[in-house]
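Survey of secondary and tertiary structure
In case you want the letters, here they are:
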Amino acid sequence: MSDFDEAGVVRRCREGDEQAFGELVDQFKHLVYGLIGRTVLDHSRVDDLAQEVFVRVYRGLPHFRGESRLSTWIYRITSNVCRQEGAQPRPALSLDEAAERGARRAEPAVAERAFSDLEMRERLEKALSRLPVTARFLIAGHYLHGVRYEDLAEALNMPLGTVKTQLYRAKRRLREVLEGELT
Amino acid sequence: MRCEDVQNLIEGLAEGEITPNADVTAHLQACTRCSTSLSCARQIDRALEALPVASPPPAFTASVVRCTRSVRWESEQRLDWWFNTVMAICLAIIAAGIWGLMHVTGLTAVTLGTADFVGRSLPALYERVKPQLTLYLTAAALVFAALGIWRWLERTGQPRQPA
């Protein structure tokens, strides 16, 4: 990541250098793919959406002023593409609903129960699908190597504290849903 | 310390961003519900880290670059269309201006006389050209066919954006 000359690549892309754009795609494709793969529910759409992100990057490069890092700008585009996709087969739980579920959650009688890793993964994916797309994007970004809180805050146009709070709330909702299933 | 207070700290504790003080530690030791929550949060944390990450196919970059070629071509076509439209409008305005100027200065009457003269000369011109007319028409057809092929190649040679 440190060898990547962001300003140079952007300049070459603006001059119409196709190879430079290829370098840019190579640099960010894994992160974009990872973010989309963990955010959207329909995994067959990941390829198309990742391509859409880079087409938007290509179209936007002439207007990119360099006020934020290139990666942050790309995360923002990825977030917008994910939000527009917004494929949620089930309505997302509101925070109030989650809080209600939390109030009815596991009591000491079921404390000893725990999920196996595989079971946990399956249930976690189901629980994730019930979160709003922004929460899923935050969780995806947080657990993907290379995406910092600051990047997420700038990409989502939120204060840093709000990002952390929303992330904790999203994770708490996940926990409450999973604990609710233990009862 | 109340369960509600500790529950608000569970995610931070699980991630290691919050260090539990003596009160929190004592509560976690005494309260099964909160210690279960903490253990569940840790399990979620590990599971989230271990979730599989989608990887782009090997040809992804090439496919995106092909896509951008198509985007660029479409954008150039759009620019060409606007340029041609603006040029046509400008030419129409210039022609109308010239016509208006000629009308004001009385030159249109002279021009109409000239047109009448040219009109009367055309049959004579046709008679002179008639013997080589087939040759001229064939040459014109060849030129238009060549232009048509060039235009077709330009259109079909562009990569299309995958669906």
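Our next topic: the overall build of chain A. Helix and strand counts for chain A come out as nine helices and zero strands. A separation of at least 24 residues holds for 74% of the contacts in chain A among residues at least 6 apart in sequence.

Moving on: the environment of B:A14. Residues and elements named next belong to chain B. Within the secondary structure, A14 sits in helix α2 (residues 10–15). For A14, a count of 21 C-beta atoms within 10 Å translates into the label buried. Counting along the chain gives 26 residues from A14 to C40, while the straight-line C-alpha distance between them is 8.8 Å. Among all residues touching A14, those that are not within four sequence positions of it are L38, A41, R42 and D45.

Turning our eyes to something else, we now look at the interface of chain B and chain A. In many reports, interface size means the accessible area that the parts give up when they come together. If you look at the interface, chain B gives 26 residues, while chain A gives 37 residues. Of all elements in the fold, only α2, α4 (32–50) and α5 (60–105) of chain B reach the threshold of two or more residues within the side of chain B that touches chain A. Residues that form the side of chain B that touches chain A fall into these classes: 14 nonpolar, nine polar and three charged.

Now for the environment of A:W73. All names here are of chain A. Within the secondary structure layout, W73 lies in helix α4 (residues 70–85). In this structure the C-alpha to C-alpha distance between W73 and E154, which are 81 residues apart in sequence, comes to 8.3 Å. In this structure W73 touches F64 and S68, once residues within four positions along its chain are discounted.

Scoring rules and cut-offs
- Residues numbered from 1 in each chain as written.
- Chains lettered and ligands numbered in written order.
- Predicted model: local features only at pLDDT ≥ 70, side-chain atom pairs only at ≥ 80, totals over all residues.
- Helix = DSSP H or I, 4+ residues; strand = E, 2+ residues; numbered from the N terminus.
- Contact = placed C-beta atoms within 7 Å.
- Buried ≥ 20, exposed ≤ 12 C-beta atoms within 10 Å, placed from the backbone.
- Nonpolar A, V, L, I, M, F, W, Y, C, P; charged D, E, K, R; others polar.

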